[in-house]
Every structure is written in structure tokens, then in C-alpha cells.
Amino acid sequence: MILVWIFPFHAFAETGKPGYVPPPSVISTESTMQMIGGLLLVLVIIGCIAWLLKRFALIPTAATGVLKVVAAAGVGQRERVVIVEIDSTWLVLGVAPGRVNRLHTMNKPATNTTDKAQNNPSAEEFAAQLNQNLKNNA
């Protein structure tokens, strides 16, 4: 009986079978790298979709308060001409990185401005004012 207390039972236990192969680990380096690669691919796809939506202005902007962007057009790689409505006044702004210039101010037209066939008599006046402002800023 005393021998049981002196020599523990695990000393007599079998340490291993000669033909036993342990199962492969569930979490291996290959599966972890495959998971990380898939997650990075999803993040890149989400980033590309967000950039495309922003680049081509496919995300509608909500008009809040008295300030509303009526139209915008790219005139260069990073330059845009933007028409902003404030109350009943339209401001034509030249927007570049780090700089915003007022190109023209006009009253809000009473007719629908989205009509492509509309003939606007003040287009020549606007072109003359735009050329004058460009010469003054140069």
C-alpha cells in the first residue's frame, strides 16, 4: 500500500504507441494566411467601390439648410467648377486643392435648368465674366 503513495501511477503509464500519428492542427499557417488574404481582398473591394462612388458622384448628397450644390463638373484632374445655391442666389465657384474662387454670381433661374435644349442668353455674359476673372487671377 505504501508503494502506491511513493510511486505515482503515471510512471507506469504507456507513453505512446509506435504507429500513432496525431491529427493535423485545425489552425495552420496556411489556413490563417488564406483567411487574412480573403479579408484583405474584401477590404480592397469595399475601398474601390467607395472610391468609384465618390469619384463619379454617384452618392447623392442631401441638401441641408440653405446651402445646396446644384451642379459640379470636373475641368481638370483635381479642379472642378461647382454651382452652389444659397437662398435665391447661385454662386459659380472654381474649386482646386486648397483654394476656392468665386467665378460668378447670379440669381436663381425661375425655369428648370436641367433642360438641355434651353437657350440661355446670359451664357455669353458668363463666358466674358469667367475670362475676365481668369485674367485678373493670373
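Above this note sits the structure.
Fair warning: this is a prediction, and the values are worked out from it, not measured in the lab.

**Observations regarding the overall build of the protein**
Each helix and strand in the protein was counted, giving 3 helices and 4 strands. Ordering the α and β elements of the protein from the N terminus gives α-α-β-β-β-β-α. Among the 138 residues that make up the protein, the fraction classed as buried is 9%. Pairs at least 24 apart in sequence give 8% of the contacts found in the protein among residues at least 6 apart.

**Regarding the environment of Gln-77**
By the element assignment, Gln-77 lies in the loop between β1 (67-74) and β2 (80-86). In this structure, the C-alpha to C-alpha distance between Gln-77 and Ala-96, residues 19 residues apart in sequence, is 9.5 Å.

**Regarding the sheet that holds strand β4 (residues 99-107)**
Here we have 4 strands laid out as an open sheet, ordered β1-β2-β3-β4, and antiparallel in their pairing. Sheet topology places β1 and β4 at the edges, where each strand pairs with a single neighbour. Mean inter-strand twist for the sheet, computed between neighbouring axes without regard to direction, equals 25 degrees. Pairing geometry for β2 and strand β3 (residues 89-96), over 7 bridges, is antiparallel. Its bridge partner being in β3, Arg-80 is matched across the sheet by Val-95.

**Quick look at the pattern of salt bridges**
On inspection of all chains with the given rule, the structure shows 1 salt bridge. Between Glu-85 and Lys-108 there is a salt bridge, with the nearest N and O atoms lying 3.3 Å from each other. Pair noted here: Glu-85 is in strand β2 and Lys-108 is in the loop between β4 and α3 (123-137), with a separation of 23 residues, a long-range link.

**So, the pairing of β4**
Sheet topology places β3 next to β4; 8 bridges connect them, and they run antiparallel. In the strand pairing of β4, Gly-94 is matched with Asn-101. Linking two consecutive strands that pair antiparallel, namely β3 and β4, is a turn of 2 residues; a positive phi of about 80 degrees is found at Gly-98 within it.

**Description of the side chain of Asn-133**
Note that Asn-133 resides in helix α3. Using a relative accessible area of 15% as the deciding quantity, one classes Asn-133 as buried. Within polar-contact distance, the side chain of Asn-133 engages the backbone oxygen of Leu-103 at 2.5 Å. Those residues within four positions of Asn-133 in sequence are excluded, and the remaining contacts are Arg-102 and Leu-103.

Reading the values: the criteria
Residues numbered from 1 in each chain as written. Predicted model: local features only at pLDDT ≥ 70, side-chain atom pairs only at ≥ 80, totals over all residues. Heavy atoms only, no water. Helix = DSSP H or I, 4+ residues; strand = E, 2+ residues; numbered from the N terminus. Buried < 20%, exposed > 50% of the residue type's maximum accessible area, 1.4 Å probe, protein only. Contact = heavy atoms within 4.5 Å. Pairing = 2+ DSSP bridges. Axes fitted to C-alpha atoms, helices over the stretch in contact; angles between N-to-C directions. Salt bridge = Lys/Arg side-chain N within 4 Å of Asp/Glu carboxyl O. Polar contact = N/O pair within 3.5 Å; in protein donor to acceptor, adjacent residues only side chain to side chain.

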